[in-house]
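Letter by letter, the chains look like this.
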Amino acid sequence: TEENEVRPLFKDELLFFVVMLGIFLIILFSIFLYLVMKKTRETKNRDVIESYKEEFQLPLFHFLREGVKEVEVGRDPLQVRALIELMAGFSQTFASEDILMRIRLFAEDHFDGEIKKHLRHRRWSMRMNGLYWIEDFGMRTMKTELDRVYQSRKLTKQEEIQILKIHIKNGSPD
């Protein structure tokens, strides 16, 4: 009779184990599908950004070099991201004061909202990207946002250093 009592208990444990294993596998498979879909979307977005960069590289180069016919910036966030990446590359490549001034004015006119969005983001890496772009473009219109980030309680040492570098480059007395 003791064997009969042990067996049903064993069957219940085995059933519990099989059910839990099934639930665990379903959760793992769901996470896997989510990650695959996210990676697919990111790859597609990256391809679109790269195609925008190819499309805008030459007109943007002519605009920066000659100052004629400004490139039109649409509302597509991927297009804006492509232009930001192109401008950041150009700002590190060119040393001409005229070109750097055009980059700064273009960035202040067209990237203000996108960079502010990055500076307000929860993720540290997004905020740092925004700070790097401000430095790359030499933007002077972001002083209020920089002060807000600097006063934030969640300011990291890297952010503080980057903000101070921006202030020094822009000649701010703060």
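Definitions and limits used
Residues numbered from 1 in each chain as written. Predicted model: local features only at pLDDT ≥ 70, side-chain atom pairs only at ≥ 80, totals over all residues. Heavy atoms only, no water. Helix = DSSP H or I, 4+ residues; strand = E, 2+ residues; numbered from the N terminus. Buried < 20%, exposed > 50% of the residue type's maximum accessible area, 1.4 Å probe, protein only. Contact = heavy atoms within 4.5 Å. Areas by Shrake-Rupley, 256 points an atom, 1.4 Å probe, with all protein chains shown as cover. Expected span 1.5 Å × (residues − 1). Polar contact = N/O pair within 3.5 Å; in protein donor to acceptor, adjacent residues only side chain to side chain.

J.: Tell me about the overall build of the chain, and name the residues and values.
T.: If you tally the helices and strands in the chain, you get seven helices and zero strands. When the helices and strands of the chain are placed in sequence order, the string is α-α-α-α-α-α-α. In terms of overall dimensions, the chain has a C-alpha envelope of 95 × 40 × 25 Å along the principal axes. Looking at the chain as a whole, 29% of its 174 residues are labelled buried. Contacts in the chain between residues far apart in sequence, at least 24 positions, make up 67% of those at least 6 positions apart. For the chain, the exposed surface amounts to about 12200 Å²; the carbon and sulfur share of it is 59%.

J.: Before we move on, could you go through helix 2 (residues 77-93) and cite the residues and values that matter?
T.: With 17 residues, helix 2 extends 24 Å from end C-alpha to end C-alpha; this agrees with the ideal 24 Å at 1.5 Å per step. Every buried residue of helix 2 is listed here: Gln 79, Val 80, Ala 82, Leu 83, Ile 84, Glu 85, Leu 86, Met 87, Ala 88, Phe 90 and Ser 91. Sitting at the head of helix 2, Asp 76 places a side-chain oxygen 3.1 Å from the backbone nitrogen of Leu 78.

Just geometry here; none of it tells us what the structure is for.
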